[in-house]
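Each chain is listed here by its residues.
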Amino acid sequence: MAITYAWRSLTVIALSATLSTYALADELLVSDGDKADNKHLLHDTPLPDGHVPANVNYGFNVVGRDTLGGISTGLYTDVWAHDGYAYIGTFQEPDCTRAGVYISDIRDPANPVTVSMIKSPPQTRINDVKVTRIGDRDVLIHSLEPCGPLVGGGQALGGGNGGHQQGQLGISLWDVSDPAKPHPLKQNFLDFPVHNTFPWTTSAGKTYLLIVDDVALDDLKIADITKPQAPKLITTTGIETWRDTNPEVTADGQEFMGSFAAPLLHDIWVNDLNPGPGENWQAVLSYWDAGFITLDVNDPYNPIFLGDSTYPDPDPVHGISPPEGNAHAAVFAGPNFDKIFGGDEDFDSLFTAVTAGGEAYQANQGSDVPQIGPGADIEELMEQTAFVGQACGGTLAPAADVGAGIALIERGGCTFTLKAQTVEAAGYSAGVVFNSAATGNCEATVSMLVEAGIPMLFVPRSTGFAVLGIDGYDPSLCPDGEGANPALPAPASLGLVATLGAVFDGWGYLHTLNNTSSDITVPLGMDGETATVGYLGEMGYYAPAEITDPALATGAGDLTMHNLEIDPANPDRTFISWYSLGMRAVEWRPGHLHDNSKGEGVVSWNMHEVGRFIAGDEYGDAAGSNFWGVHVTEVEGEQYILGTDRNTGLWIFQWNCEDATDVLYCNGPATP
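Residues numbered from 1 in each chain as written. Predicted model: local features only at pLDDT ≥ 70, side-chain atom pairs only at ≥ 80, totals over all residues. Heavy atoms only, no water.

Peer 1: Quick one: what's the story with the overall build of the chain, residue by residue and with numbers?
Peer 2: When its secondary structure is counted, the chain shows six helices and 43 strands. Taking all 672 residues of the chain together, the buried fraction comes to 61%. Put simply, 61% of the contacts in the chain that link residues at least 6 apart link residues at least 24 apart. Taken as a whole, the chain presents about 23600 Å² of accessible surface, with 50% of it coming from carbon and sulfur. (Helix = DSSP H or I, 4+ residues; strand = E, 2+ residues; numbered from the N terminus. Buried < 20%, exposed > 50% of the residue type's maximum accessible area, 1.4 Å probe, protein only. Contact = heavy atoms within 4.5 Å. Areas by Shrake-Rupley, 256 points an atom, 1.4 Å probe, with all protein chains shown as cover.)

What follows is the structure, given as structure tokens:
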């Protein structure tokens, strides 16, 4: 029996251009979908430092290690390699140190040695690193993002009243033909913060660079770096353009689903899908909630939009609806690049909800406040609600006099921290901020940066009215027709009794997409049932069982996947850096369907785990993995997998099948 997927269409919420400004003047330190703020938060987790047990490691053999600058919590990020040297970026938060790029000689993989280190500019983070041959030079390209304090009356770059964030912007290019003595070719190219890049060189000898702009809605830039000392920006495009030219981007209604509820561009990858004289350069872009987007970049001056993926609804691993999105990184895979392996990065394993009148409404929790949910500061809180206006200082009617414990607060007028501390001083047990009727706000969600001693949640404007018990609010009228909606009540007016709580909704995992131009049929399991999957349709997934376990929602480190690369020796195999779940090796295996009911340790469809590594106690201070970066390279004809652990630096592995007869097999029969 063939089953054809039908994707549920969701309501599309329009994204105003104001979303990608750094702030409104009434809030300081707000992360409200603004992409630069979000990218600072994407890799910072409130979870306690810890890790899952090593359990059983197999497939990955540790060959060598380089601790780079020494054991350093949360420092090391992306890794790339070229001609026997590894290049490792750094994250540098929250201290914003001058750690930059470490360069390690890995020509003897068992004994890697750090040979040089490029310091980052002051107040600037170097995260992404790539190295490529351009002409007669080996060229390092690294990103630049401000990570210093915010100054001025506005909010970061482009904020009102002259506000900006300290630090440098763009990218820098270095000649690393002698990796021990790098020297700059071009510094601070571009005037916006950059999170990720990817270079490629055509058969005509032209080298181009895809660039992620942290700020603009048209957030994909292309530069000609054939002369690396004089790069040229040649193309600007992105999600804003494609909304108009390719309506399928918004047709599935999935731009605003995930933890940050914004279609920000995160990682990019380019391959020649027809290696040889023909050439067919394509890019896959990880667009957070918008999904995975493919482009034809054969003419870098005029890239052509090819397609946009849609997340299955409900989510096949976690069962939630709508799915979260959070597309983080993707690569072309499979024979003839007939697949895309794409991963989600989801640090928020708890779904926060405000429940009132029998309905549960999604909410975002503030940053530096007590958290609500399983294993958090407060398991659950149920109280009477009351509207308190904007709560911008001054004296509010005491909560005891009003007869309420949860303050409902309208966004605007002051910082989230002032709102929180105002209602806390008035004796409220928690605060729920609902969005304002300003352009670009309304139904948008916010990840508040806020400090207080009580829980603080954020909800869309319509949710605020619902919790107040006000009928007849129409979100489609906001903002221009907001006057036709019911008015807000006077401060101190009671709303409904509400429950603030959180339920587990899982961590990010791996997806396999169809990258052929036609529908394909894939097995649903071993019983003969099949599914028909169109271009960029989902035809497989893989998740370690730990990411589905509510008991591991907190206290076990970050259990979301991060980066991935294919195995050149088998393009149906991918190596994945999975933070506290270590390194993973996974293969395309049609017919496999695992739900962990037999203790397989995985939840997967058409994908099968063939290797894992989590550092055990035998590694002393390096026990407990936290892998961020992964890169596959070759040294003296041998293939190695490089992994960068955020805390312990560079690890060098080789992958092999240890026991094909074991349940944790590598290349065994179709079923374990």
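Peer 1: With reference to specific residues and values, describe the state of the cysteines.
Peer 2: Taken as a whole and assessed by the stated rule, the structure comprises three disulfides. Covalent S-S linkage joins cysteine 392 and cysteine 414, the inter-sulfur distance amounting to 2.2 Å. One disulfide, between cysteine 392 and cysteine 414, carries an S-S torsion of -85° and so falls in the left-handed class. On the criterion of sequence distance, the pair formed by cysteine 392 in the loop between β27 (381–387) and α4 (399–402) and cysteine 414 in the loop between β28 (406–410) and α5 (416–425) is long-range, its members being 22 residues apart. Cysteine 392 sits in the partly exposed class, given a relative accessible area of 31%. Looking at cysteine 414, the relative accessible area reads 6%, which means it is buried. (Disulfide = S-S within 2.5 Å.)

Peer 1: Explain the sheet that holds strand β6 (residues 101–105) to me, using residue names and the numbers behind them.
Peer 2: Strand order in the open sheet formed by four strands is β4-β5-β6-β7, and the pairing between neighbours is antiparallel. Two strands close off the open sheet at either side, each with one partner strand: β4 (76–82) and β7 (113–118). Direction aside, the axes of adjacent strands within the sheet are offset by 25° on average. Here β4 pairs with strand β5 (residues 85–90) via five bridges, running antiparallel. Within the sheet, the bridge partner assigned to valine 79 lies in β5 and is isoleucine 88. (Pairing = 2+ DSSP bridges. Axes fitted to C-alpha atoms, helices over the stretch in contact; angles between N-to-C directions.)

Peer 1: Account for the pattern of salt bridges, naming residues and giving values.
Peer 2: Applying the stated criterion across every chain yields a total of 17 salt bridges. Arginine 125 is paired through a salt bridge with glutamate 145; the nearest N and O atoms lie 2.8 Å apart. With arginine 125 in strand β8 (residues 124–125) and glutamate 145 in strand β10 (residues 137–146), this residue pair connects regions lying 20 residues apart in the sequence. Since its relative accessible area comes to 0%, glutamate 145 is described here as buried. Where aspartate 138 meets arginine 133, a salt bridge forms, and the shortest distance between an N and an O atom there is 2.9 Å. Judged by its relative accessible area of 42%, arginine 133 is partly exposed. Beyond isolated ion pairs, a larger network of salt bridges with shared partners links Asp567, Arg573, Glu587 and Arg589. (Salt bridge = Lys/Arg side-chain N within 4 Å of Asp/Glu carboxyl O.)

Peer 1: Please give an account of the environment of asparagine 514 that cites residues and values.
Peer 2: Within the fold, asparagine 514 resides in strand β33 (residues 510–514). Judged by its relative accessible area of 0%, asparagine 514 falls in the buried class. Spatially, the C-alpha atom of asparagine 514 lies 5.4 Å from that of tyrosine 535, the residues being 21 residues apart in sequence. Non-local contacts of asparagine 514, meaning those with residues more than four positions away in its chain, are made with Asp338, Ile520, Val533, Gly534, Tyr535, Leu536, Gly537 and Met539. Within the structure, asparagine 514 has its side chain in polar contact with the side chain of threonine 516 (distance 2.6 Å). (Polar contact = N/O pair within 3.5 Å; in protein donor to acceptor, adjacent residues only side chain to side chain.)

Peer 1: An account of α5 is needed here, citing residue identities and associated values.
Peer 2: Taken together, the buried positions of α5 are Phe416, Lys419, Ala420, Thr422 and Val423. The buried side chains of α5 occupy one side of the element, clustering within an arc of 165° when seen end-on. Two residues or fewer past α5, glycine 427 is found with a positive phi of approximately 95°. (Arc of directions from axis to C-beta.)

Peer 1: I'd like to hear about the environment of lysine 181, residue by residue, with values.
Peer 2: Looking at where lysine 181 falls in the secondary structure, it is placed in the loop between β13 (170–175) and β14 (183–189). Residues lysine 181 and valine 115 lie 66 residues apart in sequence; the distance between their C-alpha atoms is 8.7 Å.

Peer 1: Please set out the pairing of β28 residue by residue, giving values where relevant.
Peer 2: Taking burial as the measure, the five residues of β28 include five buried ones, the bulk of the element. Burial along β28 is two-sided: the residues Ile406, Leu408 and Glu410 and Ala407 and Ile409 are all buried. Here three bridges tie β27 to β28, and the two strands are oriented parallel to one another. In the strand pairing of β28, phenylalanine 387 is matched with leucine 408. Pairing analysis gives five bridges linking β28 to strand β29 (residues 430–434), with the strands arranged parallel. Bridge pairing in β29 places isoleucine 406 opposite alanine 430. Each parallel crossover has a hand, and the one from β28 via α5 to β29 is right-handed. (Right-handed = clockwise from strand over helix to strand, strands pointing away.)

Peer 1: Can you break down unusual backbone geometry residue by residue, with the values?
Peer 2: The omega torsion across aspartate 313 and proline 314 is 5°, close enough to zero to call that bond cis. Here proline 314 is to be found in the loop between β22 (304–308) and β23 (327–333). Residue proline 479 is reached from cysteine 478 by a cis peptide bond, and omega for that bond is 10°. Along the chain, the position of proline 479 falls in the loop between α6 (461–467) and β32 (494–504). If you check the backbone angles, leucine 68 has positive phi at about 55° while not being a glycine. Within the fold, leucine 68 resides in the loop between β3 (60–66) and β4.

Peer 1: Requested: an account of the packing of aromatic side chains, with residues and values cited.
Peer 2: Scanning all chains against the criterion turns up 29 aromatic pairs. Ring geometry for tryptophan 242 and phenylalanine 305: centres 5.6 Å apart, planes at 55°, overall tilted. Note that tryptophan 242 is positioned in helix α2 (residues 239–245) and phenylalanine 305 in strand β22, a separation of 63 residues in sequence. The residue whose ring lies beneath arginine 65 is tryptophan 651, and the NZ or CZ to ring-centre distance is 4.4 Å. Sitting over the ring of phenylalanine 192, lysine 221 keeps its end group 4.9 Å from the ring centre. (Phe/Tyr/Trp six-rings, centres within 6.5 Å; stacked < 30°, edge-to-face > 60°. Lys NZ or Arg CZ within 6 Å of the ring centre and 35° of its normal.)

Peer 1: Tell me about the sheet that holds strand β21 (residues 292–296), residues and numbers included.
Peer 2: The strand order across the open sheet formed by four strands is β19-β20-β21-β22, and the pairing between neighbours is antiparallel. Edge positions in the sheet fall to β19 (268–272) and β22, since each of these pairs with one other strand and no more. Averaged over all pairs of adjacent strands, the angle between strand axes in this sheet comes to 25°, irrespective of strand direction. Looking at chain direction, β19 and strand β20 (residues 281–286) are connected through five bridges and run antiparallel. When the sheet's bridge partners are listed, asparagine 271 is paired in β20 with glutamine 282.

Peer 1: Got a sec to walk through the pairing of β33? Specific residues and values, please.
Peer 2: Counting buried positions over the five residues of β33 gives five, a clear majority of the element. Every second residue of β33 is oriented toward a common face, with Leu510, Thr512 and Asn514 on one face and His511 and Leu513 on the other, all of them buried. Here β33 runs beside strand β36 (residues 538–544); their pairing, made up of four bridges, is antiparallel. Within the sheet, the bridge partner assigned to histidine 511 lies in β36 and is tyrosine 541.

Peer 1: So what about the side chain of lysine 339? Which residues, and what values?
Peer 2: Topologically, lysine 339 is positioned in strand β24 (residues 339–344). Look at lysine 339 and you get buried, because its relative accessible area is 4%. A distance of 2.9 Å separates a polar atom in the side chain of lysine 339 from a polar atom in the side chain of aspartate 572. With near-sequence residues (within four places) excluded, lysine 339 lies in contact with Val331, Phe332, Ala333, Gly334, Thr512, Leu513, Asn515, Met539, Asp572 and Trp588.

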